[in-house]
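So you can see what is in the structure, the chains are spelled out below.
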Amino acid sequence: MNSYFELNISINPCMEDIVSDICFTNFDCEGVVLAEETYKDLEMISTTEGTLRVFLTSLDKNPYEVLKTERELLKSRGFSDEELGSWEITVDEKENQDWSKKWKEKWTVTNVTERITVVPGWIEYKPKPEEITITLDPGCAFGTGTHQTTQLCMKALEKYMKKGDTLADIGTGSGILAILGLKLGAKSAYGCDIDDTVIDVCYENAEKNGFSNNDALVFELNTADKINQKYDFVCANILHNVLYEIMGDLKNIMKDNAILSLSGILDEKKQIVLDAIERENLKIIDTITQDQWVSFVVLRT
Ligand SMILES: C[S@@+](CC[C@H](N)C(=O)[O-])C[C@H]1O[C@@H](n2cnc3c(N)ncnc32)[C@H](O)[C@@H]1O
């Protein structure tokens, strides 16, 4: 490869995962980095712009058009201009450097809780006794363990999943939550996603964590409404509007007394998810927050 493209998008930092997801879905995207310098103060988070730097191996689609269409879609779903940020973009073609390393530089060992640590595949790490490590190379899939929404689900899994539970992870991305579930003692873990490109990444990550050819860990292209099985624990880290739409499907795959960990919810959008929880008669047993993100742990009674 002789060159790569660097797309810089001015966003409200709250939109990091949503815009990242758009880029991974539409472009030959190798990684993203959010430049944090301008929004250190979380008080300022909804009024200050950050820059999402996106590394592309090729540029087949016009990024201006793609982002314009996606922005209009988000606005039709209720996002305001302030919540989105300006989405001004610049595109630079760069001489080939070790571009794949460039975004990796920013991702290092993440201590999610006292016991759980996520380690990038290219870093050698010696865990402490009792420490659970997850080794990951997210490829083009969401879920490096650094994002608050992922961490909220990881915390819920650690606190509420019982050893021997069956686990379903809807919107599995890199497979991180399903893999953690097995490491925490789940009897089986099932991860599904609507993005077919992530399934291979999930299996590669499973292998990195010692679960190759393991019948207890299955990943596939699927959605909750097509699943016929019921589980003890379900997690779904997906956008609030998707959670609203699929809450009934999530409930249907829960056994009686099963627990559901819901994440991907900006504090200012939580009412939408709360409405769906109420609609489905699910009972909130815990609310966990991290920065501007909120997650609900709910019970099917
Ligand atoms: C925010 S990522 C979460 C990835 C990972 N579970 C984590 O916690 O880091 C959301 C994932 O959900 C997938 N997704 C979106 N809508 C979905 C749906 N209706 N059913 C299943 N997966 C969906 C996306 O493709 C994406 O991989």
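Our subject is the structure that appears above.
A word on the environment of Val19. As for its placement among the helices and strands, Val19 is situated in helix H1 (residues 16-26). Sequence spacing of Val19 and Leu67 is 48 residues, and the spatial spacing of their C-alpha atoms is 8.7 Å. The contact partners of Val19, leaving out residues within four places of it in the chain, are Ile9, Ile11 and Leu52.

Here strand S5 (residues 110-111) runs beside strand S6 (residues 116-120); their pairing, made up of two bridges, is antiparallel. Of the residues in S6, the one forming a bridge with Thr110 is Val118. Between S5 and the antiparallel strand that follows it, S6, lie four residues. For S6 and strand S7 (residues 132-136), the ladder comprises five bridges, and the chain directions are parallel. Opposite Val119, over in S7, you have Thr135 as the bridge partner.

Let's shift gears to the nonpolar core. Counting 77 residues, the largest nonpolar core has Val54, Leu157, Leu167, Leu180, Val234, Leu250 and Leu260 as the members making the most contacts within it. Not counting residues up to four positions away in its chain, the partners in contact with Leu250 are Ile170, Ala224, Val234, Ala236 and Leu260.

This part is about the packing of helix H5 (residues 148-160) against helix H6 (residues 176-183). Helix-helix packing: each pair is described by the crossing angle between the helix axes and the interaxial distance. Relative to each other, H5 and H6 sit at 20°, their axes nearing to 10 Å. The angle between the axes of H5 and H6 places the two elements in the roughly parallel class. Taken as a pair, H5 and H6 cross one another with a handedness that is right-handed. Contacts from Thr150, Cys153, Met154 and Leu157 of H5 reach H6 at Ile176, Leu177, Leu180 and Gly181. Grouping the constituent residues of the contact of H5 with H6 by class yields six nonpolar, two polar and no charged.

Rules behind the numbers
- Residues numbered from 1 in each chain as written.
- Predicted model: local features only at pLDDT ≥ 70, side-chain atom pairs only at ≥ 80, totals over all residues.
- Helix = DSSP H or I, 4+ residues; strand = E, 2+ residues; numbered from the N terminus.
- Contact = placed C-beta atoms within 7 Å.
- Pairing = 2+ DSSP bridges.
- Core = buried A, V, L, I, M, F, W, Y, C linked by C-beta atoms within 7 Å.
- Buried ≥ 20, exposed ≤ 12 C-beta atoms within 10 Å, placed from the backbone.
- Axes fitted to C-alpha atoms, helices over the stretch in contact; angles between N-to-C directions.
- Parallel < 35°, antiparallel > 145°, perpendicular 65-115°, else oblique.
- Left-handed = near helix turned anticlockwise from the far one by under 90°.
- Nonpolar A, V, L, I, M, F, W, Y, C, P; charged D, E, K, R; others polar.

Honestly, that's just the spatial picture; any functional story needs more than this.
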